[in-house]
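Topology and contacts: notes
Single-letter residue listing:
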Amino acid sequence: MSEKPKIALYWCASCGGCEEAVVDLAEDILQVVEKAEIVFWPVAMDFKRKDVENLKDGEILVSFINGSVRNSEQEEMVKLLRKKSKIVIAFGSCAYTGGIPGLANSYSKEEIMNYYYKEGLTVFNPEDKRPTPQYIEKNLAFEIPEFYERVYALDQVIDVDYYIPGCAPTRNVVKNSIDTLFSGNLPPKGSVLGASSKALCNECPLNDTKPEKITLKEFKRIDKNQPEKDKCLLIQGFACLGPVTRGGCEALCVKANYPCTGCFGPLDGIEDYGAKALSFLASLIDSNNEEEIEKIINEWMPNPLGIVYKYSLPKSLIFETKNKKNGG
């Protein structure tokens, strides 16, 4: 029997980029295999749910779970992995704060189903058929996972020990996190692994061009304007969220002349990333005139939710309050 510690990797509601992030370790993944035995990684190896069920409780040293939780199968699997694991890590933005799938929380389940099975431009469904958890025909029964009313971040479903941020986590962040786990010198529960504790601006190559105070009369949309190179994107009017976002990604988006969109999530002590981002952007507007402020926001930000809560709507305190009032 192997004496190596066991690890598991699982994929819930996400794009698959976090699985690619693991593959991006390249030859370093061989060092992981030398140190640990992979006992569950269904996207890459032929493992079944039964393989996990047959393990003893706590037999897995660490489970890396990416993606948010949207359906009953995902909930069952993450609860099973929690039971079998000493350590559970929310891997990537979707597991950490809900991610881009979490933006679906701005619509009800019924609105989503109506669009995809009735109202969408390419939908042809005259009998208005909808997916159901169980379908029986000719004595054969089929079951599909139940689609939930909303999207959940991982720690809204199970207890989580650590977080690895990013959409997707960069190679160095993944490597640093794994090195920390195998070092035996673990940080306090709830810590973010592999990333910086400082804001992204501290590692941004354009930070030297950013003045102490920035005021703006307008914001520019990145899809309609080309930023100048070698000049802070904020002072050019682009909504770069680097000042309120955790660093550690080596400013990859900014190096590609694209504003930070906040995928590494909040700095320590910030509960609601979107509220912090909105407050920061509002503080840049150089006006005390209500009509002028409204004009600046409306012209620039037709979808503010998709900017400030792009990766974190399920963890929004405002959303949670609204959800509780609605009985969710």
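Up top you'll find the structure we're talking about.
Calculation criteria
- Residue positions are given per chain, counting from 1 as you read along its sequence in written order.
- Note on the predicted model: pLDDT of at least 70 is required for a residue's local features to be given, and 80 or more for side-chain atom pairs to be given and counted; whole-chain, interface and lining totals, by contrast, use all residues.
- Side-chain figures throughout are based on the complete set of non-hydrogen atoms in the structure, without hydrogens or water.
- Numbering of helices and strands starts at the N terminus; helices are DSSP runs of H or I of at least 4 residues and strands are runs of E of at least 2.
- Contacts are residue-level and defined by heavy atoms, with any inter-residue pair within 4.5 Å sufficient.
- By definition, no residue in a patch forms a salt bridge, and every one has over 30% relative accessible area; like charges are joined within 9 Å, nonpolar side chains (Val, Leu, Ile, Met, Phe, Trp, Tyr) within 5 Å.
- Reported accessibility uses the Shrake-Rupley method at a 1.4 Å probe radius. Residues are deemed covered only where the shown protein chains occlude them.
- Each reported salt bridge corresponds to a side-chain nitrogen of Lys or Arg within 4 Å of a carboxyl oxygen of Asp or Glu.
- The rule is simple: take the accessible area with a 1.4 Å probe, protein chains only, and divide by the maximum for that residue type; under 20% is buried, over 50% is exposed, in between is partly exposed.
- Take the number of residues in a helix, subtract one, and multiply by 1.5 Å to get its expected span.
- Directions drawn from the helix axis to the C-beta atoms are what define this arc.
- Here a polar contact is recorded for every N or O atom pair within 3.5 Å, except that within protein the pair must consist of a potential hydrogen donor and a potential acceptor, and residues adjacent in sequence are included only if both atoms are side-chain atoms.
- If DSSP finds at least two bridges between two strands, the strands pair.
- Angles shown run from 0 to 180 degrees and are taken between the N-to-C directions of axes, each axis being a line fitted to C-alpha atoms and, for helices, limited to the stretch in contact.

What to know about the side chain of Lys84
- Looking at the element boundaries, Lys84 is found in helix α4 (residues 72-84).
- Residues in contact with Lys84, not counting those within four places in the same chain, are Val52, Glu53, Leu55, Lys56, Asp57, Gly58, Glu59 and Ile60.

Here we look at the environment of Ala239
- Within the element layout of this structure, Ala239 appears in the loop between α7 (171-183) and α8 (252-255).
- Residues Ala239 and Leu267, 28 residues apart in the sequence, show an inter-C-alpha distance of 18 Å.
- In contact with Ala239, other than residues within four places in its own chain, are Pro259, Cys260, Leu281 and Trp300.

Considering a nonpolar patch on the surface
- Together, Tyr115, Tyr116 and Tyr117 make up an exposed nonpolar region whose accessible area comes to about 340 Å².
- In this structure, Tyr115 sits in helix α6 (residues 109-119).
- Its relative accessible area of 44% is what places Tyr115 among the partly exposed residues.

Remarks on helix α9 (residues 273-284)
- Relative to the 16 Å expected for twelve residues at 1.5 Å per residue, α9 spans 17 Å between its end C-alpha atoms, a close match to the ideal helical length.
- For α9, the set of buried residues is Tyr273, Gly274, Ala277, Phe280, Leu281 and Leu284. End-on view of α9: buried residues confined to an arc of 125°, all on one side of the axis.
- Elements that come into contact with the buried residues of α9 comprise α10 (290-300) and α11 (304-308).
- Where α9 begins, the capping side chain belongs to Asp272, and its oxygen is found 3.2 Å from the backbone nitrogen of Gly274.

Comments concerning the sheet that holds strand β9 (residues 162-164)
- Taken in spatial order, the five strands make up an open sheet running β2-β1-β3-β5-β9, and their pairing is parallel. Across the chains shown, the open sheet's two edge strands, defined by having one partner strand only, are β2 (37-40) and β9. Ignoring strand direction, the axes of neighbouring strands in this sheet form an average angle of 30°.
- Bridge analysis of strand β1 (residues 6-11) against strand β3 (residues 60-66) gives six bridges, and the strand direction is parallel. Opposite Ala8, over in β3, you have Ser63 as the bridge partner.

What to know about unusual backbone geometry
- Following Cys167, the chain continues to Ala168 via a peptide bond in cis, the omega torsion being -5°.
- With respect to the helices, strands and loops of the structure, Ala168 is situated in the loop between β9 and α7.
- With a phi angle near 65°, Asn139 is a residue other than glycine that sits in the positive phi range.
- Relative to the assigned elements, Asn139 resides in the loop between β6 (134-137) and β7 (140-143).
- By relative accessible area, which is 81% here, Asn139 ends up exposed.
- A positive phi angle, near 60°, is found at Asp230, a position not held by glycine.
- On the secondary structure map, Asp230 appears in the loop between α7 and α8.

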